[in-house]
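# Working through the structure, step by step
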Amino acid sequence: MVAKVISGTEIARSIEDELRQQVSELRAQSSGAQPRLAIVQVGGREDSNVYIRMKLKAAENIGILAEHVRLPRDCTQTELLTKLTALNESPQVHGIIVQMPLDSEHQIDSHLITDAVSSHKDVDGLNTENEGRVAIGDFSGFVPCTPAGCIELIKRTGVSIAGKRAVVLGRSRIVGTPVAELLKWEHATVTVCHSKTNDLSEITKTADILVVAIGRAEMVRGSWIKPGAIVIDCGINPIPDATKKSGQRLVGDVAYSEAVQVAGHVTPVPGGVGPLTVAMLMRNTVLAARRQLQRLLLPAWPLQVLRLNLQTPPPSDIVIARSQKPKHISRLAEEIGLFPSEVSQYGSTKAKISLSVLDRLRDQRGGKYIVVAGITPTPLGEGKSTTLLGLVQALCAHRGRNAFACMRQPSQGPTFGVKGGAAGGGYSQVIPMEDFNLHLTGDIHAVTAANNLLAAQMDARIFHELTQKDGPLYDRLVPKVKGVRKFSAIQLRRLKRLGINKTDPDTLTDEERTKFARLNIDTNKIMWNRVVDLNDRYLRKITIGQSPTEKGFTRETAFDISVASEIMAILALGTNVDDIKQRLATMVVALDKSGSPVTADDLGMTGALLVLLRDALEPTLMQTLEGTPVLVHTGPFANIAHGCSSILADRIAIQLAGEQGFVATEAGFGSDIGMEKFFDIKCRASGDTPHCVVLVATVRALKMHGGGPPVSPGQPLHDVYVQENVELLRKGLCNLGKHISNGKAFSVPVVVAINRHGNDTETELNLVKQYAEANGAFRAVVCDHWAQGGAGALDLADAVIDACSSPSHFNYLYPLTLSIQEKVLTIAKQMYGAGQVEYTDEVLEKIKVFTAMGYDKLPICMAKTSNSLTGDPAVKGAPTGFTLRITDMFVSVGAGFVVPMCGEISKMPGLPTRPSIYDIDLNTNTMEIEGLF
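Here is what the cut-offs are and how they apply
Residues numbered from 1 in each chain as written. Predicted model: local features only at pLDDT ≥ 70, side-chain atom pairs only at ≥ 80, totals over all residues. Heavy atoms only, no water. Pairing = 2+ DSSP bridges. Helix = DSSP H or I, 4+ residues; strand = E, 2+ residues; numbered from the N terminus. Axes fitted to C-alpha atoms, helices over the stretch in contact; angles between N-to-C directions. Contact = heavy atoms within 4.5 Å. Core = buried A, V, L, I, M, F, W, Y, C linked by side-chain atoms within 4.5 Å. Buried < 20%, exposed > 50% of the residue type's maximum accessible area, 1.4 Å probe, protein only. Polar contact = N/O pair within 3.5 Å; in protein donor to acceptor, adjacent residues only side chain to side chain. UniProt positions renumbered as here; feature names shortened; annotations may be inferred.

Our next topic: the sheet that holds strand 20 (residues 521-526). Reading across the sheet, the three strands line up as 20-25-26 and stay open at both edges, with antiparallel pairing between neighbours. Taken across any chain shown, the strands that pair with only one partner, and hence form the sheet edges, are strand 20 and strand 26 (597-599). Here the average twist between neighbouring strands, direction ignored, is 50°. Taken together, the three bridges between strand 25 (residues 588-592) and strand 26 define a ladder with antiparallel strand orientation. Bridging from a neighbouring strand, A590 pairs with V598 of strand 26. On the sheet, helix 17 (residues 443-467) packs against strand 20 and strand 25 and is oriented at approximately 130° with respect to strand 20.

To continue, consider the nonpolar core. L621, F679, L736, V752, L796 and I886 are the most contacted members of the largest nonpolar core, which has 184 residues in total. Apart from the residues within four sequence positions on either side, I886 is in contact with V824, V837, E838, Y839, T840, V843, M862, P900, M901 and C902.

Now for the environment of S356. Mapping S356 onto the fold places it in helix 13 (residues 356-360). Residue class for S356 comes out partly exposed when judged on its relative accessible area of 37%. Within the local environment of S356, its side chain forms a polar contact with the side chain of S354, the two groups lying 2.8 Å apart.

This brings us to the UniProt feature "domain: Tetrahydrofolate dehydrogenase/cyclohydrolase catalytic" (unreviewed entry) in the protein chain. Under the UniProt annotation, "domain: Tetrahydrofolate dehydrogenase/cyclohydrolase catalytic" (unreviewed entry) lies at residues 6-124. Segment residues 6-124 splits into 50% helix and 15% strand. End C-alpha atoms: 23 Å apart.

Let us look at the sheet that holds strand 1 (residues 4-5). Within a beta sheet, neighbouring strands are joined by backbone hydrogen bonds and run either parallel or antiparallel to one another. Taken in spatial order, the six strands of this open sheet run 1-11-8-7-5-6, and their pairing is parallel. Since the sheet does not close on itself, it has two edges, and those belong to strand 1 and strand 6 (189-193), each with one partner. Note that strand 5 (residues 165-169) and strand 6 share five bridges and pair parallel. Across the sheet, V168 pairs through a bridge with V192, a residue of strand 6.

Take the pairing of strand 9 (residues 237-240) next. Alternating residues of strand 9 divide into N237 and I239, all buried, and P238 and P240, none buried. For strand 9 and strand 10 (residues 248-251), the ladder comprises four bridges, and the chain directions are antiparallel. Pairing of P238 across the sheet is with L250, part of strand 10.

Structure representation (structure tokens):
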């Protein structure tokens, strides 16, 4: 009897053909799905190099991108572990193997190293977790390559494994033990033998399947083999052979010439198990890539929802927030498809998200885009943030849809002033609300530092130009360092703008040196203020430069609140880091004495600003009370700037949510302010298309617009607001109607969310609902998310799902080709209901200057009171035909918009008689914050 030779080389070739097709299919689904394998080698053993070359060749043939990571012989265990951590965390690497043995000058624990490879990338199958899975019959991980190859070889004979008696000679953790487990789960009866086994040859003769991995050349003789058995020889041993050029040849653990005379099937050495081991490594790598893609394409995240413990009536916001234990932020990040390298944790409840996510998911089709706006609010606010969070809790935690909330970071001005925090309320909140409402990850402080460094540089430059002659000024701007003088990159950009095409500082003429060195800032035309993230009325007008060291060069200026800084608006509107850098460079801080703009780049500040803002470029991941994801990023003022969270946060959320997901973001104040700017400024900058408007309304606000008494923070509500008053409500519905028409002006469906308050009656709520649907709303629903969390916004979630599926043809309100006045008139008439617009002579002169500079092609960012559709905060309802007066105008060139001022709009709020400060305290026993709301 002559055994059939099981050719591992031929079988491996057929497997490679199958894998090549699978890789092609993966790449057709996503270009980023091409499998990537990292082969880590310590030292340079030649036998290891041979094996690695085999693996690299196989990978290339299949279409796997394989990287040979070479580490020197003096590599320490710590350095190797650090490298493995980086590879584990990289979304670009699907599989990792560490070539053994480790050829290091230092002692390295090889078992520790194999366990350091993530079980999700352990394509060698040697991680203890993967080995353990195999032991219990769980094949959701990776099966070790050589044992998997053995099973494949046996199956290719056509002989069924089930019911056969199998003997495994060898018990190593790499081959013997796992192959025995695999045979067991293929329903063979398995005996494991080793060096201490008695009567070894008698036991092997009982085997229908014999797997030999003992590491001794030709130990198993033909007489040890049962006639007709399948023999798998895993050994590879060099023995002397004078006929070979090398003086030796390779043999297995089985005496092959004898075995072929007895066995039914046998593997040769070489050409048997070896090629299959490599093929199984490739198969595992392709499997790892497929799993990553499948995870990306999951219709819904594997999200662990946090259960709410609802109480009636709901306690305070901070008590509710503290009653919920947040998920660890790393767990949430993993649930929504982020990799560890894309997550920088700030403690256990918040983390920065790398912008590299956008590149990784560039081929991913994004989800539906929703903006949450409101009617003209009372000073108490109508619950837009709460509604936003209730909506995404309903979509994600209750309807099983991938859903993100994207929010602005709140300023500490309102937090310590009157309005309080902005984390939502009741059972629809971001947690931890203390972190959210206070420093968070320090982004606003970074904006403050960047803004004020620019102001400091500008004033210092003014001082130095006033106190130095041309020659010394130039020499100090371009000093000699070790006898060599050269321009910095940012100085070369200034030279280019000036038309000076020289790179050697010593070759400039005296005229060119003066032109380069002097900005000649007109101190009467400075547009850049310092900022602080607090309400401080006494900083609205100040005098600087009063120290004797400033030599009498004083000037009047002011502080703004930090969120009013143009830098904040730029962070919110930048589409990538390069775009943000360019916007920072073009910020106009002043005009020079000839009327030309002086920019941040002229002051040499662009790079320094970007460095201060580096961490602030990334959005912060948090969660709702029900464990659904929230991205928090930027916080531009809504009445001065555009009042929306960042484009970058929205884009990350849209990509992570996937094609079937939803991203809801908030626009500040009413539709006339925040929503219009969201569409005409933010969406124009991003190119993203919104699918739905959620318009938040309350019975309380509509009663106020019907002629109800003023609503004041800290004061009890008048009886008309806590008792049914249908007539007053009916009179105020016109305000809701105007805001619905504002949304429809952009050809986007409008869903009205009626935010229920405790004193609202069913008659009042039904009246609002009927009016909204009769006046153009896609649907109007009553929401109780404040008291019930996501469960209270299920009707809203269903309405939004339906609205996003309905046809829409989003359009901007105006083309950029219109003049400044034409764009302002379009907004005033269509969004506010005005009849005409009046300008002061000073504003008309500014419009001429801005037009001459090309700023007339920028969008408009109206600065207007949020308390009225008109420019007068006392006027309620929805008046028409009124005159809107523009009293001032400025341009934010870096942010990319012109700002007409409708009346006196302060960029620095003040503290009231009784601010929230009185209620806020730190419990020194528990270190918990008290009094936030």
